Amino acid sequence: MRNFQTLSKVTLDSDAEVLYVRAEPETEGSSMVALKQEGGYIVISVSHGPIEIALRPRLQELTRVLARLKPVEGLQTTRQVGTGEAYISLGLAGDGSLLLRPTIVADATGHLTFNLILTDAARAKLFEWLPVTPES
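Residues numbered from 1 in each chain as written. Predicted model: local features only at pLDDT ≥ 70, side-chain atom pairs only at ≥ 80, totals over all residues. Heavy atoms only, no water.

Chemist: Could you give an account of unusual backbone geometry, naming the residues involved and the relevant values?
Modeler: The linkage connecting Glu 24 with the following residue, Pro 25, adopts the cis geometry, with an omega of 5°. Here the residue pair Leu 130 and Pro 131 is connected by a cis peptide bond, since its omega of -15° sits within 30 degrees of zero. For Glu 17, which is not a glycine, the phi torsion comes out positive at approximately 60°. Among the structural elements, Glu 17 can be located in the loop between strand 2 (9–13) and strand 3 (18–22). (Helix = DSSP H or I, 4+ residues; strand = E, 2+ residues; numbered from the N terminus.)

Chemist: Provide a residue-level description of the environment of Asp 107, including the pertinent values.
Modeler: Here Asp 107 shows up in strand 9 (residues 98–107). Using a relative accessible area of 44% as the deciding quantity, one classes Asp 107 as partly exposed. Each C-alpha atom, one on Asp 107 and one on Glu 85, is 8.0 Å from the other, the two residues being 22 residues apart in sequence. Here Thr 109 takes part through its side chain, which lies 2.4 Å from a polar atom of the side chain of Asp 107. (Buried < 20%, exposed > 50% of the residue type's maximum accessible area, 1.4 Å probe, protein only. Polar contact = N/O pair within 3.5 Å; in protein donor to acceptor, adjacent residues only side chain to side chain.)

Chemist: Quick rundown of the pattern of salt bridges? Include the residues and the values.
Modeler: The tally for this structure, following the rule as stated, stands at five salt bridges. The residue Asp 120 makes a salt bridge to Arg 123 at a minimum N-O spacing of 2.6 Å. Placement of the pair is Asp 120 and Arg 123 together in helix 2 (residues 120–129), with a separation of three residues, close to one helical turn. Residue Arg 123 is classed as buried on the basis of its relative accessible area, which comes to 15%. The structure contains a network of salt bridges with shared partners spanning Lys 9, Arg 22 and Glu 26. (Salt bridge = Lys/Arg side-chain N within 4 Å of Asp/Glu carboxyl O.)

Chemist: Any chance you could break down helix 2 for me, citing the residues and the numbers?
Modeler: The complete set of buried residues in helix 2 reads Ala 122, Arg 123, Leu 126, Phe 127 and Trp 129. Buried residues of helix 2 fall within an arc of 165° about the axis and therefore sit on the same side. (Arc of directions from axis to C-beta.)

Shown next as structure tokens:
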């Protein structure tokens, strides 16, 4: 059974050009996503306390996939960006919230995944920052 943590607070560090998405209220062990654009890539750091997954997918691929997301009844995530060993699964809920499952695969016997939901308002701010224009 998957347990998702909701992230709703979005802040931008203009000096470092890093977008942070956090749980609200923040606690010592709450999850956080930090994103930074670096040329044709997007650096994504997802952490929960001292545990971190760092991904670096192509920016164009991520924005294309995000623009094409549609809610699909019965499925949590419908698209993936990355490789077979490190990827982020993405899904759109009917209420506009964005499901994120950043994953590192060890081998056929296991993986490490964060199960996160960005509220509709947090998703909208992320889409504006990237920028992503949803396809009709």
